[in-house]
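Letter by letter, the chains look like this.
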Amino acid sequence: MSRAERKKDHINYALSAETEKKNSFDDVRFVHNSLPGTSVSQIDQSVSIGELYLSSPIIINAMTGGGGKETERMNECLAAAARDTGAAMAVGSQMAAFKDPAEERTYNIVRKVNKDGVIFANLGSELTLEQAKQAVDMIDANALQIHLNVIQELVMPEGDRDFKGALETISEIAASLHVPVIIKEVGFGLSYETVAQLKQTDVQVVDTGGNGGTNFAAIENKRRDEPFDFFNKWGLAAVPSIVESVHAASRSISVIGSGGVRNGYDIAKAIALGADAAGIAGKVLAAADQGGKEGAKRFITKCQEELKMVMTAVGAERIMDLKYAPLVLTGESKHWLEERGFP
Ligand code: FNR
């Protein structure tokens, strides 16, 4: 199966798995404030992550790697939604463009459509410094995302089997690249220990990618004759992953909360748990698949509106204020965090 076919498979599986399922964000509730003392017109959603300024704390996360006409169309659609809403956007893995330079247009359409937006390049941790620079230059990116997808690779019959040296590579690239580096998980959740290791490098931002949304173990297991089913429930759920990452980052690294984010309410919860911004992949893909660029735009705008309403309800005029909104944690997330010793 070619890389483009495999990526198309990912999109189809991700879309077919897309439902309003429950996840760890349901374990979080805000404490009601009957005297919030603010008004909707005062809400400011701008935020900084690392050295980047975002007018909106929403990131359309990486999905469109693999190349091909369909990827290009999806990138164009997501880029237009990002431009019209002020959301940041990551392209999918650019490895396909290194294998076939004709595929570069699949990615640089994003910069053509969204000239002034915040755009992230994307590669896996097997990258070289040279490739990191090329990926950034290809789309004039504001930052580089490096994804960590060990479990996905292990479940893929043709996947990588050697994960040595990733931290050293990340460290070298973060120290030398001219734009900030973001390290992201893809659905298995960054842990305290992983973020503590990344903190020893020049990485500016981590994207927690916990479970509860797109499940790459389940997706890849569908292609295996003998599935590794135990990986389908592997890793940290989104909420514990955000809390662990925020503790480890202890303000010297910015945190993007992600994995199963469904709406503006989940975004508000991610931020109240300590994240600076939130990433959404599967849900934006579904909105774009159903309604094209207008569908994706409507979905992001709705998330922004919902976030604004929650911020007003809890009296948080700025993203920073939302981090101090009181929360109650229940269920498995509470249990996990107690077991792990996080308050
Ligand atoms: C992804 N994701 C992803 N991540 C990455 O860093 N590079 C990539 O090329 C891709 N490709 C990709 C394709 C498709 C179809 C999906 C749905 C996702 C992972 C994505 O950015 C995100 O980390 C996870 O999907 C978890 O977020 P959601 O989907 O639960 O919001």
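Residues numbered from 1 in each chain as written. Predicted model: local features only at pLDDT ≥ 70, side-chain atom pairs only at ≥ 80, totals over all residues. Heavy atoms only, no water.

A. Here's a closer look at the site of the ligand. Around the ligand sit 21 residues, and of these Ala62, Lys184, Thr214, Gly260 and Gly282 come closest. Threonine 214 is positioned with one of its side-chain polar atoms (N or O) 2.5 Å from an oxygen atom of the ligand. When the free accessible area of the ligand is taken as 610 Å², the share hidden by the protein chains comes to 97%. Secondary-structure elements contributing two or more residues to the shell around the ligand are α1 (3–16) and β8 (181–185). Considering every element that reaches the shell around the ligand, the biggest residue donor is α1, with 3 residues. (Near = heavy atom within 4 Å. Polar contact = N/O pair within 3.5 Å; in protein donor to acceptor, adjacent residues only side chain to side chain. Areas by Shrake-Rupley, 256 points an atom, 1.4 Å probe, with all protein chains shown as cover. Helix = DSSP H or I, 4+ residues; strand = E, 2+ residues; numbered from the N terminus.)

B. The arrangement of the sheet that holds strand β6 (residues 119–124) in detail. Around the barrel, 8 strands lie side by side as β4-β5-β6-β7-β8-β9-β10-β11; this closed barrel has parallel pairing. Ignoring which end each strand starts from, the neighbouring axes of this sheet average 25 degrees apart. In the sheet, strand β4 (residues 58–60) pairs with strand β11 (residues 277–280) via 3 bridges, with the strands oriented parallel. For isoleucine 60, the partnering residue across the bridge sits in β11 and is isoleucine 280. (Pairing = 2+ DSSP bridges. Axes fitted to C-alpha atoms, helices over the stretch in contact; angles between N-to-C directions.)

C. The arrangement of the side chain of serine 56 in detail. Within the secondary structure, serine 56 sits in the loop between β3 (52–54) and β4. Apart from residues no more than four positions distant in its own chain, serine 56 is found in contact with Gln45, Thr85, Gly86, Ala87 and Gln304. (Contact = heavy atoms within 4.5 Å.)

D. Structural detail: the packing of helix α2 (residues 69–85) against helix α12 (residues 282–314). Running from N to C, α2 and α12 cross one another at 15 degrees; their axes reach a closest spacing of 9 Å. By the angle class used here, α2 and α12 are roughly parallel. Between α2 and α12 lies a crossing whose hand is right-handed. Contact with α2, carried on its side by Met74, Cys77, Leu78, Ala80, Ala81, Asp84 and Thr85, involves Val284, Leu285, Ala288, Gly292, Lys293, Ala296, Lys297, Ile300, Thr301 and Gln304 of α12 and no other residues of that element. (Parallel < 35°, antiparallel > 145°, perpendicular 65-115°, else oblique. Left-handed = near helix turned anticlockwise from the far one by under 90°.)

E. Looking closely at unusual backbone geometry. Of note in this structure, aspartate 140 is not a glycine but carries a positive phi near 50 degrees. Assignment of secondary structure puts aspartate 140 in the loop between α5 (129–138) and β7 (143–148). Despite not being glycine, arginine 251 shows a phi value in the positive range, around 70 degrees. Examined against the element boundaries, arginine 251 turns out to sit in the loop between α10 (238–249) and β10 (254–258).

F. Quick peek at the pairing of β11. Alternating positions in β11 separate into two faces, Ala277 and Gly279 on one and Ala278 and Ile280 on the other, with burial throughout. Of the pairings in the sheet, the one linking β10 to β11 comprises 3 bridges and is parallel in character. Across the sheet, isoleucine 256 pairs through a bridge with alanine 277, a residue of β11. Viewed along the sheet, the connection from β10 through helix α11 (residues 264–272) into β11 turns out right-handed. (Buried < 20%, exposed > 50% of the residue type's maximum accessible area, 1.4 Å probe, protein only. Right-handed = clockwise from strand over helix to strand, strands pointing away.)

G. Just the state of the cysteines, in detail. Summed over the entire model, instances satisfying the criterion amount to 0 disulfides. Cysteine 77 takes part in no disulfide bond, and the closest cysteine sulfur to it belongs to cysteine 303, at a distance of 15 Å. By relative accessible area, cysteine 77 is classed as buried at 10%. (Disulfide = S-S within 2.5 Å.)

H. Representation of α11. For α11, the buried fraction is high: 8 of the 9 residues fall into the buried class. Here α11 has its buried residues at Gly264, Asp266, Ile267, Ala268, Lys269, Ala270, Ile271 and Ala272. Measuring from the side-chain oxygen of the N-cap residue of α11 to the backbone nitrogen of tyrosine 265 gives 3.2 Å; that N-cap residue is asparagine 263. Positioned one or two residues after α11, glycine 274 has a phi angle of 120 degrees, which is positive.

I. Structural detail: the packing of aromatic side chains. Applying the stated criterion across every chain yields a total of 6 aromatic pairs. An angle of 35 degrees between the planes, with centres 6.3 Å apart, marks the rings of phenylalanine 30 and tyrosine 265 as tilted. Taken together, the positions of phenylalanine 30 in strand β1 (residues 28–30) and tyrosine 265 in helix α11 put the pair 235 residues apart, joining distant regions of the chain. Classification of tyrosine 265 as partly exposed rests on a relative accessible area of 37%. A network of ring pairs unites the aromatic residues Phe228, Phe230, Phe231 and Trp234 as a single cluster. Over the ring of phenylalanine 228 we find arginine 224; its NZ or CZ atom is 4.0 Å from the centre of that ring. (Phe/Tyr/Trp six-rings, centres within 6.5 Å; stacked < 30°, edge-to-face > 60°. Lys NZ or Arg CZ within 6 Å of the ring centre and 35° of its normal.)

J. Representation of the pairing of β8 within the structure. With 5 of 5 residues buried, β8 is to be regarded as a mostly interior element. The alternating pattern of β8 places Val181, Ile183 and Glu185 on one face and Ile182 and Lys184 on the opposite face, and all of these are buried. Here β8 runs beside strand β9 (residues 205–207); their pairing, made up of 3 bridges, is parallel. Opposite lysine 184, over in β9, you have aspartate 207 as the bridge partner.

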